[in-house]
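The lines below spell out each chain.
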Amino acid sequence: MHRSWLEVSLGSIAGNFRAVRAVVGQEVAVMPVVKADAYRHGAVAVARSLERAGARWLAVSNVQEGAALRDAGIQTRILVMADFLPGSREAFFDYRLTPALHDLGEIGELERLATRRGQAVAFHLKIDSGMGRLGTRSEAAAVAEAVGGCQTAQFEGLMTHFASSSDYGSSQTDEQTRYFFDLLTATGLRPAYVHLSSTIPIAYGRREAWGNMVRPGHAIYGYISPAKGPAPDRELDVTPALTWKTCVLEVKDIPAGAAVGYGAIYRATKPIRIAVLAAGYADGYPHRLSNKGKVLVQGRVCPVIGAVSMDVTTIDVTGIAGLKPGDPVTLLGGEIDAQQIARTAGTISYAVLCGISSRVARMFVD
Ligand SMILES: *Cc1c(COP(=O)(O)O)cnc(C)c1O
């Protein structure tokens, strides 16, 4: 029926959310991150199952993502983390979305808009504590003054984001944490939510950086990147929720010396049987897996041979009995997870997941 499809386990997503909640405890709110179509797992279905599992907040990257969730009936609070573009601002009111603001001037703009519309709106303020990306670098007194000038816009949260949380050989996370809490203390402000941590500081128990809210993305989908350096034991266990399959288009025997695919970068040294799969880099299967990747056929690991093409990929299926066109092959799943693929392709597991293209169908399972 499909050339290539994802099987997303909503049960695993809900289970991973519950596992995060169990680790952080009742005092800390969990705001799952469902940006980028829930790391390609399907934002609407994922958001629905998280809402059913008890999530009160979700985080997205931009206003379109938030509006799509509202249109689908999602009722949780929704934090929009990276979009306060002039053309987006009215939508925060129309769709009951909560902006993360990144500089003090934006606070005044939101306040003016809220006053003009006669509509209250809450906002979170992001501090650049050393990541050097989004967030204000203003000092405490200026932050307190800007927030104090609000009447219709309500300051609800203070947040920051870490640059090196996976590296326990670096002092940057401690420095960012100290900068953030020193600034918060110096402002004298008491926002309802204080949040700094994504998956890694949750999973490795960096409690001093939890505040009273955490923002897990990767962990919700079943991944925790390995920490570098002298990391403490991991406290969180999660299960990958996504399996990516494709089907066989053709099976054939080729003789010793025959070349396979673009550039003839693979040449058979003995007679082999190959299968041509119905997925390529246009589906998001990384071109860098050419001659390097591995897939699962009938539970057995088979190597990618030759260049990954736009629409097809060739594998060596010598010794696999009875394989025929239409049979399923697992590109990502089981022992071949996104981290394994990322290592082989020289990228990160986030990019492998987000790179799966919209051409790939998606099915939801328990
Ligand atoms: C994407 C993102 C997260 C989630 O990060 P993970 O490593 O996937 O848990 C949290 N906070 C911000 C600001 C983000 O952009």
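Our subject is the structure that appears above.
Residues numbered from 1 in each chain as written. Predicted model: local features only at pLDDT ≥ 70, side-chain atom pairs only at ≥ 80, totals over all residues. Heavy atoms only, no water.

With respect to the overall build of the protein
The helix and strand inventory of the protein stands at 11 helices and 18 strands. The C-alpha extent of the protein, read off along each of the three principal axes, is 75 × 45 × 35 Å. The burial tally for the protein puts 54% of its 366 residues in the buried class. Taking as baseline every contact in the protein between residues at least 6 positions apart, the subset at least 24 positions apart corresponds to 66%. On the protein, roughly 15,700 Å² of surface is accessible, and the fraction owed to carbon and sulfur atoms is 50%. Charge-centre separation for the protein: the mean point of 38 positive side chains lies 5 Å from the mean point of 34 negative side chains. (Helix = DSSP H or I, 4+ residues; strand = E, 2+ residues; numbered from the N terminus. Buried < 20%, exposed > 50% of the residue type's maximum accessible area, 1.4 Å probe, protein only. Contact = heavy atoms within 4.5 Å. Areas by Shrake-Rupley, 256 points an atom, 1.4 Å probe, with all protein chains shown as cover. Lys, Arg positive; Asp, Glu negative; His and termini not counted. Charge placed at Lys NZ, Arg CZ, Asp CG, Glu CD.)

Things to note about the pattern of salt bridges
Under the counting rule described, the total for this entry stands at 17 salt bridges. We note a salt bridge from Asp37 to Arg362, for which the minimum N-O separation is 2.8 Å. Here Arg362 lies in strand β18 (residues 361–365) and Asp37 lies in helix α2 (residues 35–39), a separation of 325 residues in the sequence. Judged by relative accessible area, Arg362 falls into the partly exposed class, the value being 29%. (Salt bridge = Lys/Arg side-chain N within 4 Å of Asp/Glu carboxyl O.)

Describing the site of the ligand
Every one of the 13 residues lining the ligand counts as a neighbour, but Lys35, Tyr39, Thr199, His218 and Tyr350 are closest to it. Contact distances for the ligand include 2.8 Å between an oxygen atom and a backbone N or O atom of His218. Contact between the ligand and Tyr350: an oxygen atom at 2.6 Å from a side-chain N or O atom of the residue. Summarising the interface, the protein chains cover 90% of the accessible area of the ligand, which totals 390 Å² for the free molecule. Along the lines of polarity and charge, the residues of the shell around the ligand split into five nonpolar, five polar and three charged. (Near = heavy atom within 4 Å. Polar contact = N/O pair within 3.5 Å; in protein donor to acceptor, adjacent residues only side chain to side chain. Nonpolar A, V, L, I, M, F, W, Y, C, P; charged D, E, K, R; others polar.)

Side note on helix α1 (residues 10–24)
Between the first and last C-alpha of α1 there are 21 Å, a value that for 15 residues agrees with the 21 Å anticipated at 1.5 Å per step. Turning to α1, its buried residues number three or more, namely Leu10, Ser12, Ile13, Ala14, Asn16, Phe17, Val20, Val23 and Val24. Buried positions along α1 lie against β1 (4–9), β2 (29–30), α3 (43–52), α9 (199–203), β9 (213–214) and β18. (Expected span 1.5 Å × (residues − 1).)

Digging into the side chain of Thr330
Checked against the element boundaries, Thr330 lands in strand β17 (residues 328–332). Residues contacting Thr330, with those up to four places away along its chain left out, are Thr243, Trp244, Lys245, Val295 and Leu296.

A look at the packing of α1 against α3
The contact between α1 and α3 brings their axes to 9 Å, and the two run at 50°. As summarised for this structure, α1 and α3 are arranged oblique, according to the angle between their axes. Between α1 and α3 lies a crossing whose hand is right-handed. For the pair formed by α1 and α3, the contact residues are Leu10, Ile13 and Phe17 on the first element and Ala45, Val46, Ser49 and Leu50 on the second. (Axes fitted to C-alpha atoms, helices over the stretch in contact; angles between N-to-C directions. Parallel < 35°, antiparallel > 145°, perpendicular 65-115°, else oblique. Left-handed = near helix turned anticlockwise from the far one by under 90°.)

Looking at the state of the cysteines
In the structure shown here, the tally under the stated rule is zero disulfides. Cysteine Cys247 is unpaired, with the sulfur of Cys302 as its nearest cysteine sulfur at 16 Å. (Disulfide = S-S within 2.5 Å.)

Looking at helix α6 (residues 104–117)
For the α-helix, the turn length of 3.6 residues means that residues three or four positions removed from each other point alike. The terminal C-alpha atoms of α6 lie 20 Å apart, and with 14 residues this matches the ideal 20 Å at 1.5 Å per residue to within 8%. All of the buried residues along α6 are Leu104, Glu106, Ile107, Leu110, Glu111, Leu113 and Ala114. Each element contacted by the buried residues of α6 is listed here: α5 (89–94), β5 (98–101), β6 (121–126), α7 (140–148) and β7 (153–159). Among the residues of α6, the N-terminal cap falls to Asp103, whose side-chain oxygen and the backbone nitrogen of Gly105 are separated by 2.8 Å.

Considerations on the packing of aromatic side chains
All chains considered together, the criterion is met by eight aromatic pairs. An angle of 45° between the planes, with centres 6.1 Å apart, marks the rings of Tyr39 and Tyr350 as tilted. Note that Tyr39 is positioned in helix α2 and Tyr350 in helix α11 (residues 349–354), a separation of 311 residues in sequence. The class for Tyr39 is buried, based on a relative accessible area of 5%. In textbook terms, an aromatic cluster arises when at least three aromatic residues are bridged by ring pairs, as seen for Tyr39, Tyr221 and Tyr350. (Phe/Tyr/Trp six-rings, centres within 6.5 Å; stacked < 30°, edge-to-face > 60°.)

Considering the sheet that holds strand β4 (residues 77–80)
Strand order across the open sheet formed by eight strands is β2-β9-β8-β7-β6-β5-β4-β3, with parallel pairing between neighbours. Because the sheet does not close on itself, it has two edges, and the strands there are β2 and β3 (57–60). In terms of strand pairing, strand β8 (residues 193–197) meets β9 through two bridges, oriented parallel. Residue pairing for β9: His195 is matched across the bridge by Met213. Sheet strands in contact with helix α4 (residues 63–71) are β3 and β4, and its direction is about 165° off that of β4. (Pairing = 2+ DSSP bridges.)

Observations concerning the packing of α7 against helix α8 (residues 172–187)
Closest axis-to-axis distance for the α7/α8 pair is 8 Å, and the angle between their directions is 55°. In terms of orientation, α7 lies oblique with respect to α8. Both α7 and α8 take part in a crossing whose hand is right-handed. Residue-level inspection shows Ala140, Val143 and Ala144 of α7 in contact with α8, the latter providing Leu183, Ala186 and Thr187. The class makeup of the residues in the contact of α7 with α8 is five nonpolar, one polar and no charged.

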